[in-house]
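Coordinate analysis (summary)
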Amino acid sequence: MKIENHVLEILQLYEYAMAIGKSLDYEKNCDLFLKLILKRKSFNAAWIIESDDDVFRSTYAIPLGKEIKIKTNEMIKNLLGEIDKSKILDVASIDSTLAPMKLDGGKVAIFNLNEQGFLFLYSKKDNITSKNVSQLEPVIDKFGMHLKACKAFKEQEQLLHNLEIQNQELSDYAHMVSHDLKSPLRNIDYLTTSVTEDYNERLDDRGKQSLGLIRNNVEKMDTLINGILEYSTIGKNKIDVYDVDLNKLVESIIESLKIPEHFSVNINQLPTIKGDKYRLQQLFQNLISNAISYNDKTNGLIEIGAEEKDNAWQFYVKDNGKGIEKQYFDKIFNTFEKLETTVNSTGIGLSIVKKIVDLYGGKIWLTSELNKGTTFYFTLKKDSHGKA
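Conventions and cut-offs
- Residues numbered from 1 in each chain as written.
- Predicted model: local features only at pLDDT ≥ 70, side-chain atom pairs only at ≥ 80, totals over all residues.
- Heavy atoms only, no water.
- Salt bridge = Lys/Arg side-chain N within 4 Å of Asp/Glu carboxyl O.
- Helix = DSSP H or I, 4+ residues; strand = E, 2+ residues; numbered from the N terminus.
- Buried < 20%, exposed > 50% of the residue type's maximum accessible area, 1.4 Å probe, protein only.
- Axes fitted to C-alpha atoms, helices over the stretch in contact; angles between N-to-C directions.
- Parallel < 35°, antiparallel > 145°, perpendicular 65-115°, else oblique.
- Left-handed = near helix turned anticlockwise from the far one by under 90°.
- Contact = heavy atoms within 4.5 Å.
- Nonpolar A, V, L, I, M, F, W, Y, C, P; charged D, E, K, R; others polar.
- Pairing = 2+ DSSP bridges.
- Core = buried A, V, L, I, M, F, W, Y, C linked by side-chain atoms within 4.5 Å.
- pLDDT = per-residue confidence, 0-100.
- Disulfide = S-S within 2.5 Å.
- Phe/Tyr/Trp six-rings, centres within 6.5 Å; stacked < 30°, edge-to-face > 60°.
- Lys NZ or Arg CZ within 6 Å of the ring centre and 35° of its normal.

Description of the pattern of salt bridges
- Here the structure, examined in full by the defined rule, presents 12 salt bridges.
- Lys-148 is the salt-bridge partner of Glu-115, the closest N and O atoms lying 3.7 Å from each other. Here Glu-115, found in the loop between strand S5 (107-112) and strand S6 (118-123), pairs with Lys-148, found in helix H4 (residues 130-198); they are 33 residues apart in sequence, far enough to count as distant.
- With relative accessibility at 56%, the residue Glu-115 sits in the exposed group.
- The exposure class of Lys-148 is partly exposed, given its relative accessible area of 46%.

Quick notes on the packing of helix H7 (residues 277-293) against helix H8 (residues 349-359)
- At their nearest, the axes of H7 and H8 sit 9 Å apart, and the two run at 140 degrees to each other. In this view, H7 runs oblique relative to H8, as classed from their interaxial angle. Crossing of H7 over H8 shows left-handed handedness. When H7 is examined against H8, the residues Arg-279, Gln-282, Leu-283, Asn-286, Leu-287 and Asn-290 are found in contact with a partner set consisting of Gly-349, Leu-350, Ile-352, Val-353, Ile-356 and Val-357.
- Residue composition of the contact of H7 with H8, by class: 7 nonpolar, 4 polar and 1 charged.

Remarks on the sheet that holds strand S8 (residues 263-267)
- Read across the sheet, 5 strands follow the order S8-S10-S11-S13-S12 without closing on themselves; strand pairing throughout is mixed. Of all the strands in the sheet, the pair left with one neighbour each is S8 and strand S12 (364-369). This sheet shows a mean twist of 15 degrees between the axes of neighbouring strands, independent of strand direction.
- As paired strands, S12 and strand S13 (residues 373-381) are joined by 6 bridges and run antiparallel to one another. The partner of Thr-367 across the bridge, within S13, is Thr-375.
- Against the sheet, helix H6 (residues 246-257) touches S8, strand S10 (300-308) and strand S11 (312-319), its axis set at about 170 degrees to S8.

Focus: the environment of Lys-154
- Structurally, Lys-154 is set in helix H4.
- Distance in space between the C-alpha atoms of Lys-154 and Asp-25 is 7.5 Å, their sequence separation being 129 residues.

Some points on the nonpolar core
- Core analysis: the largest hydrophobic core is formed by 38 residues, its most contacted members being Leu-246, Leu-280, Leu-283, Ile-288, Phe-315 and Phe-378.
- Of all elements in the fold, only H6, H7, S10, S11, H8, S12 and S13 reach the threshold of two or more residues within this core.
- Among the elements that make up this core, the one with the highest residue count is H7 (7 residues).
- With residues up to four places along the chain from it excluded, the contact list for Leu-283 reads Val-353, Ile-356, Val-357, Phe-378 and Leu-380.
- Counting residues in each nonpolar core, the second largest holds 24 residues, with Ile-128, Leu-136, Ile-140 and Cys-150 among its members.

What about the confidence of the model for the protein?
- For the protein, the average pLDDT comes to 81, and 82% of its residues sit at 70 or higher.
- Below a pLDDT of 50 lies the segment residues 1-8, which in the model reaches 0 contacts outside its immediate sequence neighbourhood of four places, other chains included.

Looking at the state of the cysteines
- In the structure shown here, the tally under the stated rule is 0 disulfides.
- Summary of cysteine pairing: Cys-30 is not part of a disulfide, and the nearest cysteine sulfur, belonging to Cys-150, is at 7.4 Å.
- With a relative accessible area of 0%, Cys-30 lands in the buried category.

Considering the packing of aromatic side chains
- In total, this model carries 7 aromatic pairs according to the counting rule given.
- Considering the side-chain rings of Trp-47 and Phe-120, the 5.2 Å spacing of their centres and the 10 degrees angle between planes classify their relative orientation as stacked. Of this pair, Trp-47 sits in strand S1 (residues 45-52) while Phe-120 sits in strand S6; the two residues are 73 residues apart in sequence, bridging distant segments of the chain. The burial state of Trp-47 is the same as that of Phe-120; both residues are buried.
- Judged by centre distance (6.2 Å) and plane angle (85 degrees), the ring pair of Phe-333 and Phe-376 falls under edge-to-face. Pair noted here: Phe-333 is in the loop between S11 and H8 and Phe-376 is in strand S13, with a separation of 43 residues, a long-range link. The residues Phe-333 and Phe-376 share a single accessibility class, namely buried.
- Lying across the ring of Trp-313, Lys-382 places its NZ or CZ 5.7 Å from the centre.

Shown next as structure tokens:
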């Protein structure tokens, strides 16, 4: 008979342990575990209280009962402060405010869940024994640890939800601001064009130069606004991926950019990869534009190529331009980070490049030597999930 009871106890402990961890929802996890405890051990109620800013609150109770919300006092501190693992008490020795329902005789077993508060198990029949409690301690310890995981999961979910809301708000704000900024820019552009055309004969060289500078800055501001919008929208929506012939893509970019006559662009054989044409165009176009903008050589040279790796393609865009000091290798990928202030530079092109590479699950880095040139390397996974 003793062997049968021992086997039954082991099976019960196994059943309790299996009930823990089936859900990362706090309430569901409590339901699964504590309802089983009440059923198997013939307890009448179970509840959990936690301390929050010197106030004890109930976070779970079965049956539901009233909400516990009491300020910490000496009696509660003395009662709960003595409990290291667990303790059995007569109902008469417990303040009624610590229970969500009326306790009619019997005993209460209190388990210390550490950061997760205290678990109370109540029996009217006065049948809680030290053996019961010692058997339950290991699984209740595990239960307490899982409650901590449940809370962490909920906090993470809430954090992600808040981040999604904030990202959407920032995206909406960026679109709103860009719309409000573009309208006066268009007006400035129109007015300077009108003044140039209508008063061309009356303007001296200095006046024409000033109007030209205004239009150049309007164009730069428009480019910057478009760049901010592009940066803010990358990765917002899941997109379809399809085969993109990078040879044709890069060739069309070269044509559209109107490469200066003193530049030579060599395109080595590029692969056809899975991706989105628009984002890949942004990626290569920004790197090629960067190679043109920061080149001071009489004969500019740009070389573009790729090398197949195990799970990715490794690309490079090489130039013979001014080069970059090593201390700036990481900084240049930051938004609005510029090594030089030029008319065409917005400081957002390379940050867009990095964001696209990141969203394709790749990496980007560079090697450079001052006055000799720079090579940008980046990888794109062969198995793209279309997040860019």
